[in-house]
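Remarks on the overall topology
Here are the chains, one letter per residue:
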Amino acid sequence: MKTWTDRALLGLHVAGAGVLVILTLVICYDVAGRLLFNRPFAGTAELAGVGLVLLTFMQAPYVIRERKLLRVTFFLDRLPPAVRSQLNAFTYLLGAAFFIAMVIASWEPSLAGWNSGEFFGNDAFRIPAWPLRFGSIVLWVVAALVCIGFVSEGVRGRMGAQEEEQLPE
């Protein structure tokens, strides 16, 4: 890991793993409370719902950067390196478009949630919605920027055969 951006993406990835540990502990506490004391934790469903969304998108930019997403390459392996690089650029362009579309579609509901004091849960356990909504927007922007970085690499022909395995770290 050479650049500060790679370290920041790794930090998000590790923070997502931390959220997973917290969720695991909450779920274990809920199950133990339910079985042993007949007193489950009231906010388990809300915390799990919010936490799963956050940890997914906290880890996505790092996974994209490390090119560890599920890929089916039987078609790509048969293409010349220059064509493969352009096709990789196109697929990352689609990924960036997806994340940008998510940001655009979520902006207005996020503002409405902020203004209305929207929350998840019920009277027993409430979680404000705005941190999840705006946090997701920030994480989608980061993921889109990672994809755009790969688009520029692919357009320059750096995502062909062996170049694909040795992208700058």
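Residues numbered from 1 in each chain as written. Predicted model: local features only at pLDDT ≥ 70, side-chain atom pairs only at ≥ 80, totals over all residues. Heavy atoms only, no water.

Tallying secondary structure elements over the chain gives five helices and two strands in all. Listed N to C, the secondary structure of the chain is α-α-α-β-β-α-α in terms of helices and strands. Here the C-alpha atoms of the chain give a radius of gyration of 20 Å, more than 25% beyond the 15 Å that 2.2 N^0.38 yields for 169 residues. For the chain, the C-alpha atoms occupy an extent of roughly 65 × 40 × 30 Å along the three principal directions. When the 169 residues of the chain are sorted by exposure, 34% land in the buried category. Relative to all contacts within the chain whose residues are 6 or more apart in sequence, the contacts with residues 24 or more apart total 71%. Accessible surface, the chain: about 10,600 Å² in total, of which carbon and sulfur atoms supply 69%. (Helix = DSSP H or I, 4+ residues; strand = E, 2+ residues; numbered from the N terminus. Rg over C-alpha atoms; globule rule 2.2 N^0.38 Å. Buried < 20%, exposed > 50% of the residue type's maximum accessible area, 1.4 Å probe, protein only. Contact = heavy atoms within 4.5 Å. Areas by Shrake-Rupley, 256 points an atom, 1.4 Å probe, with all protein chains shown as cover.)

What follows covers the packing of helix 2 (residues 44-65) against helix 4 (residues 130-155). The contact between helix 2 and helix 4 brings their axes to 9 Å, and the two run at 15°. In terms of orientation, helix 2 lies roughly parallel with respect to helix 4. In this structure, helix 2 crosses over helix 4, and the sense of that crossing is left-handed. In this structure, helix 2 contributes V50, V53, L54, F57, M58, P61, I64 and R65 to the contact, and helix 4 contributes L132, S136, L139, W140, V142, A143, V146, C147 and F150. A breakdown of the residues in the contact of helix 2 with helix 4 according to their chemical character gives 15 nonpolar, one polar and one charged. (Axes fitted to C-alpha atoms, helices over the stretch in contact; angles between N-to-C directions. Parallel < 35°, antiparallel > 145°, perpendicular 65-115°, else oblique. Left-handed = near helix turned anticlockwise from the far one by under 90°. Nonpolar A, V, L, I, M, F, W, Y, C, P; charged D, E, K, R; others polar.)

Let's shift gears to unusual backbone geometry. Backbone geometry at N38 places phi at a positive 55°, although glycine is not the residue there. One non-glycine residue, R67, adopts positive backbone phi at about 55°. As for its placement among the helices and strands, R67 is situated in the loop between helix 2 and helix 3 (81-116). Classification of R67 as buried rests on a relative accessible area of 15%.

Right, let's get into the confidence of the model for the chain. Averaged over the chain, the pLDDT score is 89; the fraction of residues at 70 or greater is 93%. Least confident of the elements in the chain is helix 5 (residues 162-165), whose mean pLDDT is 48; most confident is helix 1 (residues 4-36), at 95. (pLDDT = per-residue confidence, 0-100.)

Looking now at the nonpolar core. I64, Y92, F99, W140, C147 and F150 are the most contacted members of the largest nonpolar core, which has 20 residues in total. Among the secondary structure elements, those contributing two or more residues to this core are helix 2, helix 3 and helix 4. The leading source of residues in this core is helix 4, at ten residues. The contacts of F99, once residues within four sequence positions are left out, are F57, I64, W140, A143, A144 and C147. (Core = buried A, V, L, I, M, F, W, Y, C linked by side-chain atoms within 4.5 Å.)

Applying the stated rule across the entire model yields four salt bridges. A salt bridge links R133 to E118; its shortest N-O distance comes to 2.9 Å. Separated by 15 residues along the polypeptide, R133 in helix 4 and E118 in the loop between helix 3 and strand 1 (119-122) bring together distant segments of the chain. Note on E118: relative accessible area 26%, which makes it partly exposed. Among the salt bridges present, the one from E153 reaches R156, with a minimum N-O distance of 3.6 Å. Residue E153 is classed as buried on the basis of its relative accessible area of 12%. (Salt bridge = Lys/Arg side-chain N within 4 Å of Asp/Glu carboxyl O.)

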